[in-house]
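So the chains spell out like this:
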Amino acid sequence: MEGFRRAKVPENAEKVLTSDVGSGKINLAKPLDMMNYNDIRNPKYTKEEIVEELNKTAIGKETLKVMETLPEPIRFLDYYDDSEVRGYESNGLIEINLRNCKSVVWAARTVIHETTHYRYGIGGSQWAECVCVAQELKHTRNVEKLSRADLRLVVDAVVKAYPELKWRKGGTVYGKKR
């Protein structure tokens, strides 16, 4: 889809992904209203599972709050394609392809990634992708701040995964070209 940003899975994703962390009670009513599953007959992961995963960390809970400000509910799709694209964001429209998310953790990470694009109005640059991947990693590691080593891992993975993008030039911040 033209105008959408891609959330690629870096080659070294296994180094970044850890097992499930944390647990807690969740209020499912409001977050579920922010997710559109109307087009899916047998979803790979349910809304409840994704919300439960997001509620495990501070960044996940922040993401749920940001989702309340989206112009329309996140659309979850379930189709096969040959790309590794997990999600898209364009002007607050977020679509997540559940088939390309290998676990509920990856589905939640993709929601965090694409919501970060919307939250900060950023995209089209390696820097923007680093910000979004860093937020994903905060969720995976269940930390509020990443170490220098983690940040270096993010930068290296993004530069390798997005060679077509420049670090800042050509990207956007709140819809304005840099």
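The shown structure was predicted, so the numbers you read here are calculated from the model rather than taken from an experiment. (Residues numbered from 1 in each chain as written. Predicted model: local features only at pLDDT ≥ 70, side-chain atom pairs only at ≥ 80, totals over all residues. Heavy atoms only, no water.)

1. Here we look at helix α3 (residues 47–54)
Among all positions of α3, only Ile-50, Val-51, Glu-53 and Leu-54 are buried. Projected onto a plane normal to the axis of α3, the buried residues spread over an arc of 160° and lie on a single side. (Buried < 20%, exposed > 50% of the residue type's maximum accessible area, 1.4 Å probe, protein only. Helix = DSSP H or I, 4+ residues; strand = E, 2+ residues; numbered from the N terminus. Arc of directions from axis to C-beta.)

2. Quick notes on unusual backbone geometry
We note that Asn-91 has phi near 55°; this positive angle belongs to a residue other than glycine. Note on placement: Asn-91 falls in the loop between β3 (87–90) and β4 (93–97). For Asn-91, a relative accessible area of 73% corresponds to the exposed category.

3. Quick look at the side chain of Glu-89
If you trace the backbone, Glu-89 turns up in strand β3. A polar contact of 3.3 Å, which involves the side chain of Glu-89, links it to the backbone nitrogen of Asn-91. (Polar contact = N/O pair within 3.5 Å; in protein donor to acceptor, adjacent residues only side chain to side chain.)

4. Some details on the pattern of salt bridges
Within the structure shown, the criterion is met by 7 salt bridges. Ionic pairing is found between Glu-136 and Arg-109, a salt bridge with its closest N-O pair at 2.9 Å. Here Arg-109 lies in helix α5 (residues 104–120) and Glu-136 lies in helix α6 (residues 126–141), a separation of 27 residues in the sequence. Both residues of the pair, Glu-136 and Arg-109, belong to the buried class. When salt bridges with common partners are traced through the structure, they connect Arg-86, Arg-109 and Glu-136 into a single cluster. (Salt bridge = Lys/Arg side-chain N within 4 Å of Asp/Glu carboxyl O.)

5. A word on the packing of α6 against helix α7 (residues 148–161)
α7 packs onto α6 with a crossing angle of 130° between their chain directions and a minimal axis gap of 9 Å. As summarised for this structure, α6 and α7 are arranged oblique, according to the angle between their axes. At the point where α6 passes α7, the crossing takes the right-handed sense. Residues Gln-126, Glu-129, Cys-130, Val-133, Ala-134, Leu-137 and Arg-141 of α6 lie in contact with α7, whose contacting residues are Asp-150, Leu-153, Val-154, Val-155, Val-158 and Val-159. Residues belonging to the contact of α6 with α7 are distributed by class as follows: 9 nonpolar, 1 polar and 3 charged. (Axes fitted to C-alpha atoms, helices over the stretch in contact; angles between N-to-C directions. Parallel < 35°, antiparallel > 145°, perpendicular 65-115°, else oblique. Left-handed = near helix turned anticlockwise from the far one by under 90°. Contact = heavy atoms within 4.5 Å. Nonpolar A, V, L, I, M, F, W, Y, C, P; charged D, E, K, R; others polar.)

6. Looking at the packing of aromatic side chains
All told, the structure shown has 0 aromatic pairs when counted by the stated rule. Sitting above the plane of the Trp-106 ring, Arg-109 keeps its charged end 4.2 Å from the centroid. Across the ring face of Trp-127, the terminal group of Arg-168 is positioned such that the distance to the ring centre comes to 3.8 Å. (Phe/Tyr/Trp six-rings, centres within 6.5 Å; stacked < 30°, edge-to-face > 60°. Lys NZ or Arg CZ within 6 Å of the ring centre and 35° of its normal.)

7. Comments concerning the state of the cysteines
Under the definition given, this model contains 0 disulfides. No disulfide involves Cys-130; its sulfur sits 9.4 Å from the nearest other cysteine sulfur, which is in Cys-132. (Disulfide = S-S within 2.5 Å.)

8. Describing the packing of α3 against α5
Interaxial distance between α3 and α5 falls to 9 Å at its minimum, and their mutual angle equals 70°. Classified by the angle between their axes, α3 and α5 sit roughly perpendicular to one another. Of the residues in α5, those in contact with Glu-49, Ile-50, Glu-53 and Leu-54 of α3 are Val-104, Val-105, Ala-107, Ala-108, Val-111 and Ile-112. Looking at the contact of α3 with α5, its residues break down into 8 nonpolar, no polar and 2 charged.

9. Remarks on the nonpolar core
Judged by nonpolar contacts, the single largest core of 20 residues is most densely connected at Ile-50, Leu-54, Ile-74, Ile-96 and Val-111. Taken together, the elements giving at least two residues each to this core come down to α3, α4 (58–67), β2 (74–77), β4 and α5. Top contributing element to this core by residue count: α5, with 6 residues. For Ile-96, the residues in contact, after removing those within four places along its chain, are Ile-74, Arg-75, Phe-76, Leu-77, Arg-86, Gly-87, Cys-101, Thr-110, Val-111 and Glu-114. Among the nonpolar cores identified, the runner-up in size contains 11 residues, and Cys-130, Val-133, Ala-134 and Leu-146 belong to it. (Core = buried A, V, L, I, M, F, W, Y, C linked by side-chain atoms within 4.5 Å.)

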